[in-house]
Amino acid sequence: MTDYQFYQEDRIQIARQLKEIADNFTQKGWLPATAGNLSIKLSDDPLVFGVTASGKDKESLQLDDILAVDQECKPIEPTRLRPSAETLIHSKIYQLTDAGSVLHVHTVYNNLISELYFHEGNVTLSQMELIKGLGIWEEGAVIEVPIIENFADIPRLADEIGNRLDPRVPGVLIRKHGIYAWGRTPFEAKRHVEALEFLFHYQFLWVSVTRNGSLPLAVPPIATAL
Ligand SMILES: [Zn+2]
């Protein structure tokens, strides 16, 4: 365990970065009911990353609500904190991609999209400017974000994410649960979450408009005469 002491300074640094992201996502309402988890990689070999602890309110995240874990999601030093079961998914993504940060949020629109397109296995997003926010710059780009079943068995869920992830697309949706998105840096991972959430929001509203021929949201009635 003492092998990892030298991470101490880095851990404070990443705790600050994770708190900054959590505070920003909180303003957007993306971390409700203690849900969601956020991590930043500290070391590649051996894999060590800092992750938000289980059960903590991410909407008022404290710097000491973050613990450092290894590839098996075991804390690398004594702590009263527990990593959430979903930490295994972060580990899987770090092992399979060049991610330096993995962010997981539950939002209404990612839940709606994950259910709407579940039967297709993915949601296709095309020709939207914000696809560039995912680092995909080709004109008229078309991407498919995988959607997987929300298995209660987390090792199975992690394996399925590993099987389905597309190296070109930095995110995977879990049915009626949320999204895991990642990037090489915390800044990039945050941008990817924001771009994907914008695209899901647009897609849901667009489908609602074109399917029903009217806006999906209740429009306030025109003021009637007094
Ligand atoms: Zn979750």
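Bear in mind that the values here come from a model prediction, so they are computed numbers and not experimental data.

Chemist: Please provide a residue-by-residue account of the overall build of the protein chain, values included.
Modeler: In terms of helices and strands, the protein chain carries five helices and eight strands. When the elements of the protein chain are put in sequence order from the N terminus, they spell out α-β-β-β-α-β-α-β-β-α-β-β-α. The C-alpha atoms of the protein chain give 19 Å as radius of gyration, which agrees with the globular expectation for 226 residues (17 Å, within 12%). Expressed along its principal axes, the backbone C-alpha trace of the protein chain runs to roughly 70 × 45 × 35 Å.

Chemist: Account for the nonpolar core, naming residues and giving values.
Modeler: Counting residues in each nonpolar core, the largest one holds 58 residues, and the members touching the most others are L18 and Y180. Excluding residues that lie within four positions of it along the chain, L18 makes contacts with L38, I40, G50, T52, L61 and I66.

Chemist: Account for the pairing of strand β7 (residues 171-174), naming residues and giving values.
Modeler: The alternating pattern of β7 places G171 and L173 on one face and V172 and I174 on the opposite face, and all of these are buried. Pairing analysis gives two bridges linking strand β6 (residues 142-148) to β7, with the strands arranged parallel. When the sheet's bridge partners are listed, I147 is paired in β7 with L173. Looking at chain direction, β7 and strand β8 (residues 178-183) are connected through four bridges and run antiparallel. The residue bridging V172 from the neighbouring strand is Y180, located in β8.

Chemist: So what's going on with the environment of L88? Which residues, and what values?
Modeler: Position of L88 relative to the elements: it lies in helix α2 (residues 87-96). Accessibility expressed as a C-beta count within 10 Å gives 20 for L88, which makes it buried. On a C-alpha basis, the gap between L88 and S54 in space is 12 Å, while along the polypeptide they are 34 residues apart. The contacts of L88, once residues within four sequence positions are left out, are C73, I154, P155 and A158.

Chemist: Mind laying out the packing of α2 against helix α4 (residues 154-164), listing which residues take part and the relevant values?
Modeler: Viewed as axis vectors pointing N to C, α2 and α4 meet at an angle of 25 degrees, and their least axial separation amounts to 9 Å. Judged on the interaxial angle alone, α4 and α2 are roughly parallel. In this structure, α2 crosses over α4, and the sense of that crossing is right-handed. Of the residues in α4, those in contact with L88, I89, K92 and L96 of α2 are I154, P155, L157, A158, I161 and G162. Taken together, the residues of the contact of α2 with α4 sort by class into eight nonpolar, one polar and one charged.

Chemist: Describe the UniProt feature "domain: Class II aldolase/adducin N-terminal" (unreviewed entry) in the protein chain, with residues and values.
Modeler: UniProt marks residues 16-204 with the feature "domain: Class II aldolase/adducin N-terminal" (unreviewed entry), using the numbering shown here. Regarding residues 16-204, the helix share stands at 32% and the strand share at 23%, and the terminal C-alpha atoms are separated by 34 Å.

Chemist: Go over the sheet that holds strand β1 (residues 37-43) with me, naming the residues and quoting the values.
Modeler: Strands in a sheet are paired, the pairing made by backbone hydrogen bonds, and the direction either parallel or antiparallel. Read across the sheet, eight strands follow the order β3-β2-β1-β4-β8-β7-β6-β5 without closing on themselves; strand pairing throughout is mixed. Among the strands making up the open sheet, the edge pair consists of β3 (66-70) and β5 (122-126). Strand after strand, the sheet turns through a mean of 20 degrees between neighbouring axes, direction not considered. Sheet topology places β1 next to strand β4 (residues 101-105); four bridges connect them, and they run antiparallel.

Chemist: Would you mind going over the UniProt feature "binding site: Zn(2+)" (unreviewed entry) in the protein chain in detail, with residue names and values included?
Modeler: Under the UniProt annotation, the feature "binding site: Zn(2+)" (unreviewed entry) is placed at H104 and H106. Beyond its immediate sequence surroundings of up to four residues, H104 is in contact with G36, N37, L38, E86, G178, I179 and Y180. Summarising the element assignment, H106 is placed in the loop between β4 and α3 (108-116). Among the residues examined, H106 registers 17 C-beta atoms within 10 Å and is labelled partly exposed.

Chemist: Describe the pairing of β5, listing the residues and the values that go with them.
Modeler: Of the two faces of β5, only one is covered, namely that formed by V123 and L125; the face formed by N122, T124 and S126 stays uncovered. In this sheet, β6 lies alongside β5 in antiparallel orientation, the contact comprising five bridges. Its bridge partner lying in β6, V123 is registered against V145.

Chemist: Lay out the environment of K176 in plain terms, naming residues and giving numbers.
Modeler: Within the element layout of this structure, K176 appears in the loop between β7 and β8. Taking the C-alpha atoms as reference, K176 lies 14 Å from V123; in sequence the two are 53 residues apart. Apart from residues lying up to four places away in sequence, K176 is in contact with N111, S114, E115 and N150.

Chemist: Please set out unusual backbone geometry residue by residue, giving values where relevant.
Modeler: The omega angle of the peptide bond from D45 to P46 is 5 degrees, so this bond is cis rather than trans. Counting through the fold element by element, P46 comes out in the loop between β1 and β2 (48-52). The phi dihedral of C73 falls on the positive side, at around 70 degrees, and the residue is not glycine.

Conventions used here
Residues numbered from 1 in each chain as written. Predicted model: local features only at pLDDT ≥ 70, side-chain atom pairs only at ≥ 80, totals over all residues. Helix = DSSP H or I, 4+ residues; strand = E, 2+ residues; numbered from the N terminus. Rg over C-alpha atoms; globule rule 2.2 N^0.38 Å. Core = buried A, V, L, I, M, F, W, Y, C linked by C-beta atoms within 7 Å. Buried ≥ 20, exposed ≤ 12 C-beta atoms within 10 Å, placed from the backbone. Contact = placed C-beta atoms within 7 Å. Pairing = 2+ DSSP bridges. Axes fitted to C-alpha atoms, helices over the stretch in contact; angles between N-to-C directions. Parallel < 35°, antiparallel > 145°, perpendicular 65-115°, else oblique. Left-handed = near helix turned anticlockwise from the far one by under 90°. Nonpolar A, V, L, I, M, F, W, Y, C, P; charged D, E, K, R; others polar. UniProt positions renumbered as here; feature names shortened; annotations may be inferred.

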